[in-house]
Amino acid sequence: MSLPYASPAASALSAAPAVHLSAPRYVLGELPAVHTTVEGLAERARTFGMPPRAELWGWGTVHRTAKALETLAAETARATLDGAGAAPADVDCLILCSTRFPGGPRTHGAFVENVLAATGLGAAAFTGLTLGRCANLLAGIRTGQAYVASGMYRTVMVVTADRVTDESVRMENFALFSDGAASCLISAAPLGPDSYEIVAGAGAQDPAGLDWSNEISSDLAREVNRQILEDAGMKIGDIQGVLHPNLYKPLVVLKERQAGFTREQLFLDNIPRVGHCFAADPLINLVDREAAGDLRPRGHYLLASSVPGVRIGVLLRKLPATDLATDLATDSATDSATDSATDSATDPATASETETGAGTATDAATETASAAPTPTAAETATPAVAETATPTAATAASARQGEL
């Protein structure tokens, strides 16, 4: 393996104002089905050398959709706006992520137009991300953070959406895919009750390992952890939870344990309940852990995603209600002061008075390593399906697990 290239950690933004992630939401394919309905599952399992043991791999439910990709994107974006109590006009940039945008250059414009129209975002600037495959969402969040920290945009909507278009490849040797979408807002001030401070973030790449046939790298995960923990002044045990992709259980446990995390820091419940929703998994898992009451105020939680040759992590701190109230009051006061100064500056009689007023993520892997293949954790993007899952709906996660 070549020496990994590490993208700049959040320390590069340490002097910039705080940036927040707010109102994470997701939708799943509206057509849930048991894994035994997946086309060619038994045959593919034999091809991959995988014993047909659903409980071992975490085979459970897959979610399919008959909806268009832009419909999924718009549904989750509207849920995020509602959760943040934000108006579409408040958003000045949209970052759209997908492992495969529909069509090609001749259809991409209409795709973006449809998402903007369905969400009411109007003439918001837009950016598309796709080459990161199932790490696209975290790349989009880091891009949005940089946009806000630099002052380029004030409020950024980040959306990822994917669906499987070829049912014969819904099962891969690293995951069972579901269709779905997820979203959040990135802004200087927290928006709504579900808000998190972005404490640190980092990415690491190994260009020689990017081909989809390669394994995901625990070396890259350790490098990302090193950067993030160093920047945050923390130890790995200070992270209360890792919100990782919903790959097969032995693979997740093995790779994240090799990265330095304990099994207790992982979240495996959604692997059989939801399946692997491409890049959306970290936000889906964050939403469901919050809905279950598993996130503690001021606790630190790592959004993490690995594909062959790439690892990205974003460390969040959950804001308690008291911090939210303080931040919102400060933001309101700043806005009022700015408005007052602007109004006064237009009045010659008060201009002189206002000149100085400017304010300032194994035990299970050990047990199953010999039985498990060395799955090439290729997060290639077989295109990715939707039931609306807001935090309220997600509170029923464990009950729904039983139903499935």
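Colleague: Summarise the overall build of the protein chain; cite the residues concerned and give the values.
Modeller: In terms of regular secondary structure, the protein chain is built from 14 helices and 13 strands. Carbon and sulfur atoms make up 55% of the accessible area of the protein chain, which totals about 16,100 Å².

Colleague: Got a sec to walk through the packing of aromatic side chains? Specific residues and values, please.
Modeller: The final tally for this structure, using the stated rule, is five aromatic pairs. Each ring, one from tyrosine 147 and one from tyrosine 153, has its centre 5.2 Å from the other, and the planes form 70°; the classification is edge-to-face. Taking relative accessible area as the criterion, tyrosine 153 reaches 21% and is therefore assigned partly exposed. Three or more aromatic residues joined by ring pairs form one cluster here, namely Phe174, Phe177 and Phe278.

Colleague: Requested: an account of the pairing of strand S12 (residues 310–318), with residues and values cited.
Modeller: Burial analysis of S12 places nine of its nine residues in the buried class, which makes it a mostly covered element. With nine bridges connecting them, strand S9 (residues 195–205) and S12 associate as antiparallel partners. Bridge pairing links glycine 201 to valine 314 in S12. Inspection of the sheet shows strand S11 (residues 300–307) paired to S12 by eight bridges, in the antiparallel sense. By the bridge assignment, valine 307 is partnered in S12 with valine 310. As consecutive antiparallel partners, S11 and S12 are separated by two residues, and within that stretch glycine 309 has a phi angle of approximately 85°, a positive value.

Colleague: Quick one: what's the story with the packing of helix H3 (residues 69–84) against helix H4 (residues 105–119), residue by residue and with numbers?
Modeller: Interhelical geometry of H3 versus H4 gives an angle of 35° and a closest axis separation of 9 Å. At the point where H3 passes H4, the crossing takes the right-handed sense. Contacts between H3 and H4 involve Leu69, Glu70, Ala73, Ala74, Ala77, Arg78 and Leu81 from the first element and Phe111, Asn114, Val115, Ala118 and Thr119 from the second. Residue composition of the contact of H3 with H4, grouped by class: eight nonpolar, two polar and two charged.

Colleague: Mind laying out unusual backbone geometry, listing which residues take part and the relevant values?
Modeller: The backbone of alanine 23 sits at a positive phi, close to 50°, despite the residue not being glycine. Residue placement: alanine 23 occurs in strand S2 (residues 20–29). Relative accessible area serves as the criterion here: at 1%, alanine 23 is assigned to the buried category. Although it is not a glycine, phenylalanine 278 adopts a positive phi angle of roughly 55°. Mapping phenylalanine 278 onto the fold places it in the loop between helix H8 (270–274) and helix H9 (281–291). When its relative accessible area of 1% is taken as the criterion, phenylalanine 278 is described as buried.

Colleague: Quick rundown of the environment of alanine 221? Include the residues and the values.
Modeller: Positionally, alanine 221 belongs in helix H6 (residues 218–232). Residue alanine 221 is classed as buried on the basis of its relative accessible area, which comes to 2%. It is 8.6 Å that separates the C-alpha atoms of alanine 221 and valine 310, two residues lying 89 residues apart in sequence. Those residues within four positions of alanine 221 in sequence are excluded, and the remaining contacts are Ala259 and Arg311.

Colleague: Describe the pattern of salt bridges, naming the residues involved and giving the relevant values.
Modeller: One pass over the full model with this rule turns up 15 salt bridges. For arginine 53, the salt bridge goes to glutamate 55, with nearest N and O atoms at 3.6 Å. A relative accessible area of 41% means that arginine 53 is categorised as partly exposed. Its relative accessible area of 58% is what places glutamate 55 among the exposed residues.

Rules behind the numbers
- Residues numbered from 1 in each chain as written.
- Predicted model: local features only at pLDDT ≥ 70, side-chain atom pairs only at ≥ 80, totals over all residues.
- Heavy atoms only, no water.
- Helix = DSSP H or I, 4+ residues; strand = E, 2+ residues; numbered from the N terminus.
- Areas by Shrake-Rupley, 256 points an atom, 1.4 Å probe, with all protein chains shown as cover.
- Phe/Tyr/Trp six-rings, centres within 6.5 Å; stacked < 30°, edge-to-face > 60°.
- Buried < 20%, exposed > 50% of the residue type's maximum accessible area, 1.4 Å probe, protein only.
- Pairing = 2+ DSSP bridges.
- Axes fitted to C-alpha atoms, helices over the stretch in contact; angles between N-to-C directions.
- Left-handed = near helix turned anticlockwise from the far one by under 90°.
- Contact = heavy atoms within 4.5 Å.
- Nonpolar A, V, L, I, M, F, W, Y, C, P; charged D, E, K, R; others polar.
- Salt bridge = Lys/Arg side-chain N within 4 Å of Asp/Glu carboxyl O.

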